[in-house]
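Below are the chains, spelled out letter by letter.
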Amino acid sequence: MYYSEIMVRHGELSTKGKNKMRFINKLKRNITDVLSIYPNVHIRSDRDRTHVYLHGTDYQPVMESLQLVFGIQALSPVYKIDKNIAALKKAVQELMRELYQEGMTFKIASKRSDHNFELDSRELNQVLGAAVFEVLPEIKAQMKQPNVTLKVEIREEAAYISHEEIKGAGGLPVGSSGKGMLMLSGGIDSPVAGYLALKRGVAIEAVHFASPPYTSPGALKKAKDLTRKLTRFGGNMQFIEVPFTEIQEEIKNKAPEAYLMTLTRRFMLRITDALRERRNALVIINGESLGQVASQTLESMQAINAVTTTPVIRPVVTMDKLEIIDIAQAIDTFDISIQPFEDCCTIFAPDRPKTNPKLKKVEAYETRFDIDGLVARALAGVEITEITPEADVDHVSELIDQLL
Ligand code: ATP
Ligand code: MG
């Protein structure tokens, strides 16, 4: 017997009342993106569940891809059976023979959504239970917590049998909480920040500042590879590359070294905020972690954040580096993040950046720049690419062990 379908139970969204269908449609869209690597798979959603029809695709990798998608509570692989009693009996017997171990208990839980079917659910339980005893006389029926529960469902088009339910990633469907711009460097922290925002349903567009020729194509590829890793949790993602060379050279030439970092960050935030507005996002997300480096003191955050009133979400702000690394390893971004390609901030980083920059001074230095012109030119040069999931099923089972 081979699985014909994976049945997806929706997560927290089932409590959302009349927004429910909007949530379900988001989840369906996300599942469709994530499973686009399996061309034969077909997806259909109704109010209660999403059905993933395998059409001959091996169920294991599809199952593993689904286990990473946020907004899924549980998953059951399902057998499709002809809708007649003889076929159902035969299937139940075959399946229980496969599953049987000494001392095993079982129950049949039938449900009839096609009310024209000749037996009701109680009668079905009896007939199919008896069929199991025919081939396994020693097996015991048990209503409370049996070892195996065979769920039998009679639907319009066919009958379905499932016997296991596997835990999903939980969280909210990506996009159900709106959209944010993720400031994505090549480092360890920002992909983790992105993952945590995705988990609570925030759709993300990745914004990456590149300063060629100071930064290499390798650094850019790294940021794109990190983005691709993040698509496994909720589908395709826009990657926005911002040309930052002119701004970094200007800052280097015109501002005192101790303030390079603060000024650089303020430009990044201004540009990200402008992109946010253009692309209808609500918040900015970054990977700042308190006290990790000089630019991440509270004074520094205040001086940088002063360029906008847009909420800046910092999912890893209170985490220790080791906690962040644990997550980075679990989501498989760590090995990419530690590849030795310097990003723009590392190259232009001063030896001793100010840990308590004064806003008055920052603003005085900024009068030396044509801020609007610099920002406008950077915005005019952005390049946007859509990043889609890749088939890297090798790693997935390990991830699932760590994440669930
Ligand atoms: P990360 O590990 O995410 O690089 P970090 O500890 O190196 O973080 P910083 O270099 O101070 O910290 O950067 C703080 C945050 O600023 C990053 O987490 C990221 O959100 C953003 N950022 C830094 N450099 C870039 C860049 N080149 N493009 C986009 N965002 C960036
Ligand atoms: Mg960094």
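The rules we used
- Residues numbered from 1 in each chain as written.
- Chains lettered and ligands numbered in written order.
- Predicted model: local features only at pLDDT ≥ 70, side-chain atom pairs only at ≥ 80, totals over all residues.
- Heavy atoms only, no water.
- Pairing = 2+ DSSP bridges.
- Helix = DSSP H or I, 4+ residues; strand = E, 2+ residues; numbered from the N terminus.
- Contact = heavy atoms within 4.5 Å.
- Axes fitted to C-alpha atoms, helices over the stretch in contact; angles between N-to-C directions.
- Parallel < 35°, antiparallel > 145°, perpendicular 65-115°, else oblique.
- Near = heavy atom within 4 Å.
- Polar contact = N/O pair within 3.5 Å; in protein donor to acceptor, adjacent residues only side chain to side chain.
- Areas by Shrake-Rupley, 256 points an atom, 1.4 Å probe, with all protein chains shown as cover.
- Nonpolar A, V, L, I, M, F, W, Y, C, P; charged D, E, K, R; others polar.
- Phe/Tyr/Trp six-rings, centres within 6.5 Å; stacked < 30°, edge-to-face > 60°.
- Buried < 20%, exposed > 50% of the residue type's maximum accessible area, 1.4 Å probe, protein only.

Student: Give me the lowdown on the sheet that holds strand S10 (residues 179-183), citing residues and values where you can.
Tutor: Pairing in this open sheet of 6 strands is mixed, and the strands run S14-S13-S10-S11-S12-S15 from one edge to the other. Each edge of the sheet is formed by a strand with only one pairing partner; in this case those strands are strand S14 (312-313) and strand S15 (383-387). Pairing between strand S12 (residues 237-243) and S15: 5 bridges, direction antiparallel. The partner of isoleucine 240 across the bridge, within S15, is isoleucine 384. This element, helix H8 (residues 260-278), spans S10, strand S11 (203-210), S12, strand S13 (283-285) and S14 of the sheet and lies at about 155 degrees to S10.

Student: Break down the packing of helix H7 (residues 245-254) against helix H14 (residues 371-380) for me, with residues and values.
Tutor: Across the interface, H7 lies against H14 with an axial gap of 9 Å and an inter-helix angle of 155 degrees. As the angle between them shows, H7 and H14 are arranged roughly antiparallel. Contacts from Glu246, Ile247 and Glu250 of H7 reach H14 at Leu374, Arg377 and Ala378.

Student: I'd like a description of the site of ligand 1, backed by residues and values.
Tutor: Neighbouring ligand 1 are 22 residues, the closest being Met183, Ser185, Asp189, Ser190 and Gln292. In this structure, a nitrogen atom belonging to ligand 1 sits 3.0 Å away from a main-chain N or O atom of phenylalanine 209. Relative to its free-state accessible area of 570 Å², ligand 1 is covered by the protein chains to the extent of 91%. The element that contributes the greatest number of residues to the shell around ligand 1 is S11, accounting for 3 residues. The class makeup of the residues in the shell around ligand 1 is 9 nonpolar, 9 polar and 4 charged.

Student: Report on the packing of aromatic side chains, specifying residues and quantitative values.
Tutor: Taken as a whole, this structure holds 9 aromatic pairs when the rule is applied. An angle of 25 degrees between the planes, with centres 4.5 Å apart, marks the rings of tyrosine 3 and tyrosine 79 as stacked. On the criterion of sequence distance, the pair formed by tyrosine 3 in the segment before strand S1 (5-10) and tyrosine 79 in strand S4 (residues 72-81) is long-range, its members being 76 residues apart. For tyrosine 79, a relative accessible area of 5% corresponds to the buried category. Residues phenylalanine 70 and tyrosine 195 carry aromatic rings whose centres are separated by 5.6 Å and whose planes lie at 50 degrees to one another, so their mutual orientation is tilted. Taken together, the residues span a long stretch of sequence, with phenylalanine 70 in the loop between helix H2 (59-67) and S4 and tyrosine 195 in helix H5 (residues 189-199) at a distance of 125 residues. Under the relative-accessibility criterion, phenylalanine 70 is labelled buried at 2%.

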